[in-house]
Each structure stands twice: as structure tokens, then as C-alpha cells.
Amino acid sequence: MKKETRAENLLLAAWVTALVATLGSLYFSEVLGFVPCDLCWFQRIFMYPQVIILGIAIVRKEFSTARYSLALSVIGGLISLYHYALQKIPVFQHYAIQCGRIPCTGQYMNWLGFITIPFLALTAFLIIALLSVAVMRQQKRRNNV
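Here we summarise the structure given alongside this text.

Reading the values: rules and limits
- Residues numbered from 1 in each chain as written.
- Predicted model: local features only at pLDDT ≥ 70, side-chain atom pairs only at ≥ 80, totals over all residues.
- Heavy atoms only, no water.
- Helix = DSSP H or I, 4+ residues; strand = E, 2+ residues; numbered from the N terminus.
- Buried < 20%, exposed > 50% of the residue type's maximum accessible area, 1.4 Å probe, protein only.
- Contact = heavy atoms within 4.5 Å.
- Areas by Shrake-Rupley, 256 points an atom, 1.4 Å probe, with all protein chains shown as cover.
- Lys, Arg positive; Asp, Glu negative; His and termini not counted.
- Charge placed at Lys NZ, Arg CZ, Asp CG, Glu CD.
- Phe/Tyr/Trp six-rings, centres within 6.5 Å; stacked < 30°, edge-to-face > 60°.
- Lys NZ or Arg CZ within 6 Å of the ring centre and 35° of its normal.
- Axes fitted to C-alpha atoms, helices over the stretch in contact; angles between N-to-C directions.
- Parallel < 35°, antiparallel > 145°, perpendicular 65-115°, else oblique.
- Left-handed = near helix turned anticlockwise from the far one by under 90°.
- Nonpolar A, V, L, I, M, F, W, Y, C, P; charged D, E, K, R; others polar.
- Patch = residues over 30% accessible without salt bridge, like charges linked within 9 Å, V, L, I, M, F, W, Y side chains within 5 Å.
- Salt bridge = Lys/Arg side-chain N within 4 Å of Asp/Glu carboxyl O.

## What about the overall build of the chain?
- For the chain, the count of helices and strands is five helices and zero strands.
- Along the chain, helices and strands appear, N-terminal first, in the series α-α-α-α-α.
- Seen along its three principal axes, the alpha-carbon backbone of the chain occupies a region of about 55 × 30 × 25 Å.
- Taking all 145 residues of the chain together, the buried fraction comes to 39%.
- The contacts of the chain with a sequence gap of at least 6 include a subset with a gap of at least 24, amounting to 75%.
- Total accessible area on the chain is roughly 8400 Å²; 68% of this is exposed by carbon and sulfur atoms.
- One finds the centroid of the 13 positive side-chain charges in the chain at a distance of 10 Å from the centroid of its 5 negative side-chain charges.

Below, the structure written as C-alpha cells:
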């Protein structure tokens, strides 16, 4: 497999991850009626643009876009991690910030005792970040050959 094709596949996987995360968050809010808290909105701010950015990157074969995707994913992932800590770690809950009309400590879902919406977002951000790093490494190898 050509290295460029491998990088394209990695970008495609990152785009699919961002798309699924975006559609999932819209499903939770628009179909199930879960009102997002302020931290959920911040996570959306860092996820939603990635669908467009990565989509354009795939079409134009602009692998350098992985840098921007990585930056968005790291910031969004840190917000998700903090939000998840607010939900699951009692000391964080005690000192939680006021998060608008919906508390950030609330859990609309709690699958298997640990899977919450911020956990799903964190997982998506982590996958996109790892794929972005892989794309950047592929391009670095390609440029060194």
C-alpha cells in the first residue's frame, strides 16, 4: 500500500470518528432531548469543525491538516477529561463549577457504570488525536524518502 493511500485511510478514519461523534451528540440532544451543559457545548465546539476540516483534507489530500485536527482533539479531550472527572470523582463534584442551568455533574446515561457522554467524547477525541499523529508520522516518513 502506498504511503499516501495509508495517510488517506487514516484521515478517513478520523473523519468517520468525528462524524459519528457529531451525529451522536446531535442524536442525544435533538432526538432524546438531553439538554447539553456548558462543558458539553465546549466539547462540541472542538468536535463539530473537525467533520468539515477533515472532510476537506480528504478531498484535497492535504495531510498537513492533521496538525489542526490534533490541536482541536487535544483541547477537546482535556475538556472531556475534566467533565468526566466532574461526573465520576467525588472531590471534583464537591468543587464543580456552576455550569449553567444544566449541572455538569449530571449523567444522562451511565452504561456499565463508567460510560457517560463525556467519556464517549473523550474516546472520540483520543481516536482522532492518535490518527492525526499517525498521519503526521506518515507524512514525515514520506518527506524523508
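## Some thoughts on the packing of aromatic side chains
- Under the defined criterion, the tally for this structure stands at six aromatic pairs.
- Ring geometry for F34 and Y108: centres 4.4 Å apart, planes at 0°, overall stacked. Of the two residues, F34 sits in the loop between α1 (3-31) and α2 (38-60) while Y108 sits in the loop between α4 (90-94) and α5 (117-144), which places them 74 residues apart along the sequence.
- With a relative accessible area of 41%, Y108 lands in the partly exposed category.
- Look at Y82 and F92: their rings are 6.4 Å apart centre to centre, the planes differ by 75°, and that puts the pair in the edge-to-face class. Remark: F92 occurs in helix α4 and Y82 occurs in helix α3 (residues 66-88); sequence separation between them is ten residues.
- An aromatic cluster of three or more residues is present, and its members are Y27, F28, F34 and Y108.
- Here R44 stacks its cationic end above the ring of W41, 4.8 Å away from the centre of that ring.

## A short note on the packing of α3 against α5
- At a minimum axis separation of 8 Å, α3 and α5 run at an interaxial angle of 155°. One element, α3, and the other, α5, form an angle in the roughly antiparallel class. Crossing of α3 against α5: the hand is left-handed.
- The residue makeup of the contact of α3 with α5, split by class, is 15 nonpolar, eight polar and one charged.

## Quick look at a nonpolar patch on the surface
- Side chains of Y82, I89, V91, F92 and Y95 sit close together on the surface and give an oily, nonpolar patch of about 480 Å² of accessible area.
- Among the residues examined, Y95 registers a relative accessible area of 62% and is labelled exposed.

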